[in-house]
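The lines below spell out each chain.
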Amino acid sequence: LIILLIIALVVLGGAGAGLYAAFGPHHAVDKADAAKAEKKPELFLPLDPAFVVNFRDDQAARYLQVGVTLMSHEQAPLDAAKEAQPVIRNQLLLLFSGQSYQNLIDAAGKEKLQAQALAAVQKIVQERTGKPGIDALYFTSFVMQ
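The following paragraphs examine the structure supplied in this document. (Residues numbered from 1 in each chain as written. Predicted model: local features only at pLDDT ≥ 70, side-chain atom pairs only at ≥ 80, totals over all residues. Heavy atoms only, no water.)

1. Describing the pattern of salt bridges
Stated formally: The term salt bridge refers to a side-chain nitrogen of Lys or Arg lying within 4 Å of a carboxyl oxygen of Asp or Glu. Numbered from the N terminus, helices here are DSSP runs of H or I no shorter than four residues, and strands are runs of E no shorter than two. For the exposure calls, accessible area comes from a 1.4 Å probe over protein chains only, and a residue counts as buried if that area is under 20% of its type's maximum, exposed if over 50%, partly exposed in between.
Inspection of every chain in the model, using the stated rule, returns 3 salt bridges. Across the pair Lys40 and Glu74 runs a salt bridge whose closest N-O atoms are separated by 4.0 Å. Of this pair, Lys40 sits in the loop between helix H2 (25-38) and strand S1 (43-55) while Glu74 sits in the loop between strand S2 (62-72) and helix H3 (75-83), and the two are 34 residues apart along the sequence. Given the relative accessible area of 46%, Lys40 is considered partly exposed. The partly exposed category is assigned to Glu74, whose relative accessible area is 30%. By sharing partners, the salt bridges in this structure join Lys40, Glu74 and Lys131 into a single network.

Next up, the structure:
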C-alpha cells in the first residue's frame, strides 16, 4: 500500500511538473514576442498644411489651427488617403469649423473630435479600398485663439 502511494505521488508530481513546463510563464512571454514580431511597422501620412478654421463662440471670433497625421500599418490605405486628400481635407474642415470653443477647452473634447475625425477619414478610405485601413489619427498641433 505504501509503495502504491509513493508511485501515485511520483506520477502526480511528474504530471504537475510537465504541465508547468508546458504552460508555465515563459510560454506567455514567447507568445507576446511572437505577436510583436508579427506586428507591422507604423506608417504615417501628414496632412500638410495644417488646418485653419474659424469656429463658433458667442463672445469673440475664434480660430483653430490643427495639424493632422494619419497612421496605418499598411501602405495601401495611406496611398488611398493621399489620392483622396482633397475630399479628406474638405470633410475635416467642415468637422473642425462646426466645433464650439467650449467643447474643445478640455482634453475630453479634443479626444472626441479626434475620434470623429478618424471616423470621417476611415469612411472615405473605406469607400475607395473596401476597408477602413487607417488605424489612428493624431493631432500633431492644436492651437485655439
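2. Things to note about helix H1 (residues 2-23)
For clarity, the cut-off: Residue count minus one, scaled by 1.5 Å, sets the expected span of a helix.
Here H1 is 22 residues long and its end C-alpha atoms lie 31 Å apart, about the 32 Å a rise of 1.5 Å per residue gives. Counting buried positions along H1 gives 0 out of 22 residues, so the element sits mostly on the surface.

3. Remarks on the packing of aromatic side chains
Here is the rule: Working definition: a ring pair exists when centres of Phe, Tyr or Trp rings (six-membered ring for Trp) sit within 6.5 Å. Plane angles under 30 degrees give stacked, over 60 give edge-to-face, the rest tilted.
Applying the stated criterion across every chain, the model contains 5 aromatic pairs. An angle of 50° between the planes, with centres 6.4 Å apart, marks the rings of Phe44 and Tyr138 as tilted. On the criterion of sequence distance, the pair formed by Phe44 in strand S1 and Tyr138 in strand S3 (residues 136-144) is long-range, its members being 94 residues apart. On the basis of relative accessibility, which here comes to 35%, the residue Tyr138 falls in the partly exposed class. Centroid distance Phe139 to Phe142: 5.4 Å. Interplanar angle 45°. Geometry classified as tilted. Owing to a relative accessible area of 22%, Phe142 belongs among the partly exposed residues under this scheme. Taken together through their ring pairs, the aromatic side chains of Phe51, Phe96, Phe139 and Phe142 make up a single cluster.

4. Overview of helix H4 (residues 85-97)
Helical geometry note: an α-helix holds 3.6 residues per turn, so side chains three or four residues apart project in the same direction. Here is the rule we go by: This arc is taken over the directions from the axis of the helix to the C-beta atoms.
When the terminal C-alpha atoms of H4 are compared, their 18 Å separation across 13 residues agrees well with the 18 Å that a helix rising 1.5 Å per residue should span. Those residues of H4 that fall on the buried side of the exposure criterion are Gln85, Ile88, Arg89, Leu92, Leu95 and Phe96. Down the axis of H4, the buried set is contained in an arc of 130°. They therefore lie on one face. Away from the buried face of H4 by more than 90 degrees, exposed residues Pro86 and Leu94 are located.

5. Considering the sheet that holds S2
Stated precisely, the cut-off is as follows: In this analysis, strands are considered paired if DSSP registers two or more bridges between them. Here, axes are lines fitted to C-alpha atoms. For helices the fit covers the stretch in contact, and angles between N-to-C directions go from 0 to 180 degrees. Whether two residues touch is decided by their heavy atoms; if any such pair falls within 4.5 Å, the residues are in contact.
Spatially, S1-S2-S3 is the arrangement adopted by the 3 strands of the open sheet, whose pairing is antiparallel. Since the sheet does not close on itself, it has two edges, and those belong to S1 and S3, each with one partner. Neighbour to neighbour, the strand axes of the sheet diverge by 20° on average, direction disregarded. The pairing of S1 with S2 spans 10 bridges and is classified as antiparallel. If you follow Asn54 over to S2, its bridge partner there is Tyr63. Running over the sheet, H3 touches S1 and S2 and is turned about 35° from S1. Seen against the sheet, helix H6 (residues 107-129) touches S2 and S3 and runs at an angle of roughly 130° to S3.

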